[in-house]
Amino acid sequence: MAQAGCLRQAQSWQSMGYPQSAPYSLWSPQNYAPCFTWAAGTFDGTQPYEVLNSSGTSSILWSQRQDAIHVFTARILDPTFSFCPLETQFAVYVYGAPVAQDTTTMAIAVGSFVMAILIGLGFSYSVYRKLFLEACKAM
């Protein structure tokens, strides 16, 4: 919290009642208390700051495993920013992540292909040799 510039204890998921309450209904303009205003008392500044805002301290890390679409709901909590409740949903498409490959399936497919080619080559050689030997005996 100290990294974000908080002057008092910030609200967290746990302090707001999660997991007893639904996550969607925890924070609202009616119960939001910013930590950037001074309040009497001390607080533990080493606790994580769990609100996404312009301080740049909190962030979302995307999984590097696969491409995905993530859907978010953004809600304006600060009552000094808007008189009415502002809320929107948006999606973020994360792409460019390496595609997970199943190496076992790939190895079986390549092995089967190579085996089929070797069998085909062996069969064609045996037919060629049989025809060549018959041609040599006829001479």
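In this text, all values refer to a predicted model and were calculated from it rather than measured experimentally. (Residues numbered from 1 in each chain as written. Predicted model: local features only at pLDDT ≥ 70, side-chain atom pairs only at ≥ 80, totals over all residues. Heavy atoms only, no water.)

*Asks:* Please explain the overall build of the chain as it appears in this structure.
*Replies:* Scanning the chain from terminus to terminus reveals two helices and two strands. Its helices and strands taken in sequence order, the chain reads α-β-β-α from the N to the C terminus. Out of the 139 residues in the chain, the part that is buried amounts to 15%. Contacts in the chain between residues at least 24 apart in sequence constitute 58% of all its contacts with a sequence separation of at least 6. (Helix = DSSP H or I, 4+ residues; strand = E, 2+ residues; numbered from the N terminus. Buried < 20%, exposed > 50% of the residue type's maximum accessible area, 1.4 Å probe, protein only. Contact = heavy atoms within 4.5 Å.)

*Asks:* For this particular structure, what's the right way to read the pattern of salt bridges?
*Replies:* If charged atoms from side chains of opposite charge come close, those side chains can pair. Per the counting criterion, the structure on display carries one salt bridge. Where Glu 87 meets Arg 75, a salt bridge forms, and the shortest distance between an N and an O atom there is 3.1 Å. With Glu 87 in strand S2 (residues 87–94) and Arg 75 in strand S1 (residues 68–75), the pair connects residues that are twelve residues apart, well separated along the chain. Residue Arg 75 is classed as partly exposed on the basis of its relative accessible area, which comes to 26%. (Salt bridge = Lys/Arg side-chain N within 4 Å of Asp/Glu carboxyl O.)

*Asks:* Help me out: how do you make sense of a nonpolar patch on the surface in this one?
*Replies:* Among the surface-exposed residues, Met 106, Val 110, Phe 113, Val 114, Met 115, Ile 117, Leu 118, Ile 119 and Leu 121 lie close enough to one another that they form a single nonpolar patch of about 890 Å² accessible area. In this fold, Leu 118 is placed in helix H2 (residues 103–138). The exposed category is assigned to Leu 118, whose relative accessible area is 51%. (Patch = residues over 30% accessible without salt bridge, like charges linked within 9 Å, V, L, I, M, F, W, Y side chains within 5 Å. Areas by Shrake-Rupley, 256 points an atom, 1.4 Å probe, with all protein chains shown as cover.)

*Asks:* Mind showing me how you'd approach the nonpolar core here?
*Replies:* The tendency in soluble globular proteins is for nonpolar side chains to be buried side by side. Counting residues in each nonpolar core, the largest one holds eleven residues, listed as Ala 4, Cys 6, Ala 10, Met 16, Leu 26, Trp 27, Tyr 32, Cys 35, Tyr 49, Val 51 and Leu 77. Contact partners of Leu 77, with chain neighbours within four places excluded, come to Trp 27, Ser 28, Pro 29 and Tyr 32. (Core = buried A, V, L, I, M, F, W, Y, C linked by side-chain atoms within 4.5 Å.)

*Asks:* Please clarify how the packing of aromatic side chains should be interpreted in this entry.
*Replies:* How two aromatic rings sit relative to each other is set out by the distance from centre to centre and by the angle between their planes. All chains considered together, the criterion is met by three aromatic pairs. Taking the centre distance of 5.5 Å and the plane angle of 25° together, the rings of Phe 72 and Phe 90 count as stacked. You can see Phe 72 sitting in strand S1 and its partner Phe 90 sitting in strand S2, a full 18 residues away along the chain. Exposure remark for Phe 72: the relative accessible area of 24% places this residue in the partly exposed category. Overall, Phe 90 belongs to the partly exposed group, its relative accessible area being 37%. Geometrically, the ring pair formed by Tyr 93 and Tyr 95 is stacked, given 5.8 Å between the ring centres and 20° between the ring planes. Residue class for Tyr 93 comes out partly exposed when judged on its relative accessible area of 49%. (Phe/Tyr/Trp six-rings, centres within 6.5 Å; stacked < 30°, edge-to-face > 60°.)

*Asks:* Help me out: how do you make sense of the environment of Glu 87 in this one?
*Replies:* A relative accessible area of 43% places Glu 87 in the partly exposed class. Residues Glu 87 and Thr 73, 14 residues apart in the sequence, show an inter-C-alpha distance of 7.0 Å. Among the polar contacts listed, one links the side chain of Glu 87 to the side chain of Arg 75, at a separation of 3.1 Å. (Polar contact = N/O pair within 3.5 Å; in protein donor to acceptor, adjacent residues only side chain to side chain.)

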